[in-house]
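So the chains spell out like this:
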Amino acid sequence: MKNRLKVLRAERDWSQQDLADRLGVSRQSVNAIETGKYDPSLPLAFKIAEIFAMAIEEIFERD
Amino acid sequence: MTEEQLSDPKGRSPFFYGGIMLAAYGVIIALASTDAINSATALILMIAPLGLVIPMMKAAARRVDAGGPACMGKGAAQKRYMKRVALFTSLYLIALAIMTFADKSYDPIEAVRVILATLPGLAIIGVFWAIGRLIVEEQDEFMRMLIVRQSLVATGFALSAASVWGFLETADIVIHLDAYWWAVAWFFGLFLGAIWNRIEYGTWGAV
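Conventions adopted
- Residues numbered from 1 in each chain as written.
- Chains lettered and ligands numbered in written order.
- Predicted model: local features only at pLDDT ≥ 70, side-chain atom pairs only at ≥ 80, totals over all residues.
- Heavy atoms only, no water.
- Core = buried A, V, L, I, M, F, W, Y, C linked by side-chain atoms within 4.5 Å.
- Buried < 20%, exposed > 50% of the residue type's maximum accessible area, 1.4 Å probe, protein only.
- Helix = DSSP H or I, 4+ residues; strand = E, 2+ residues; numbered from the N terminus.
- Contact = heavy atoms within 4.5 Å.
- Domains from an automatic or database assignment.
- Buried area = accessible area lost by both parts, 1.4 Å probe.
- Salt bridge = Lys/Arg side-chain N within 4 Å of Asp/Glu carboxyl O.
- Polar contact = N/O pair within 3.5 Å; in protein donor to acceptor, adjacent residues only side chain to side chain.

## Digging into the nonpolar core
Residues A:I48, A:F52 and A:I59 are the most contacted members of the largest nonpolar core, which totals 59 residues. No other element matches the eight residues that helix 6 (residues 76-105) of chain B contributes to this core. When neighbours within four sequence positions are excluded, A:I48 is seen to be in contact with A:L5, A:L23, A:I33, A:P40, A:I59 and A:F60.

This is the structure we're talking about:
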């Protein structure tokens, strides 16, 4: 699954750690999601969408 | 303390101590399997490297407090896990020392021997329990997945090694190994699982 996390994060000038703190997960988790190595669960995807005030499909898209 | 350690508040990596411990066990196993030392001496010698668990746990805790590098997650669940493992490892050391001392000093009755021989195994069960609790308590789903992957690799490795070794032993090709070595193989499997995690996900995991 592709995602726009890196771009969205850069727009807000957030580091991976900043986003991880907001999500309550490790920096490694953010890195794994961002690089497409790990697809988040639905609850975590909703949390990400909530933090960026966007819909899930605006952040994640199928390959 | 070296200048390098002074400039780096995280100090040595926990993997440094883990590596020394594994190397020490390798040497002891080599000595025992070549009959350079007898089994009782090997058992006593095996207690010493376990002392490295304490600096290893402290090094891991320092890394967690420092924010955690790419090789390690951070969080309350992992801190609780490290404390539990340190506790059960200490209990294991004590139980093993008591068992060895009692065996060498006097000939205990069977009931006492059963109790003494059961204690180290119970301490090891405690470590398995700590890993199980970590899986339950870890709130970070990615880190939890890494722990589960490590555990699956460890289980596959230990059971495969036990199966192959068992048949080789039946065919009188290899020496007899006491069953507790498969728990050691499982812990080594965790290390292999961490390497696999690192290759596939760029991070070692939390165990």
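## Some words on the domain arrangement of chain B
Residues and elements named next belong to chain B. As assigned here, chain B comprises domain 1 (13-74), domain 2 (80-139) and domain 3 (141-207). Each of domain 1 and domain 2 has a C-alpha centre, and these two points are 17 Å apart. Counting residues at the interface gives ten residues for domain 1, matched by eleven residues for domain 2. Carbon and sulfur atoms supply 89% of the area buried between domain 1 and domain 2, which totals about 910 Å² over both sides. Contact with domain 2 buries surface across domain 1, with I47, L50 and M57 losing the most and accounting together for 50% of the total. Applying the counting criterion to the domain 1 and domain 2 interface returns zero salt bridges. Applying the counting criterion to the domain 1 and domain 2 interface returns zero residue pairs in polar contact (both at pLDDT 80 or more). Mapped onto the side of domain 1 that touches domain 2, the elements with two or more residues apiece are helix 3 (39-45), helix 4 (47-50) and helix 5 (53-65).

## Observations concerning the pattern of salt bridges
Residue and element names in this part refer to chain A. Across all of its chains, the model carries six salt bridges over all chains by this definition. Taking the shortest distance from any N to any O, the salt bridge between R9 and E34 comes out at 2.7 Å. Placement of the pair is R9 in helix 1 (residues 5-11) and E34 in helix 3 (residues 27-34), with a sequence separation of 25 residues. Relative accessible area serves as the criterion here: at 11%, R9 is assigned to the buried category. For E34, a relative accessible area of 13% gives the class buried.

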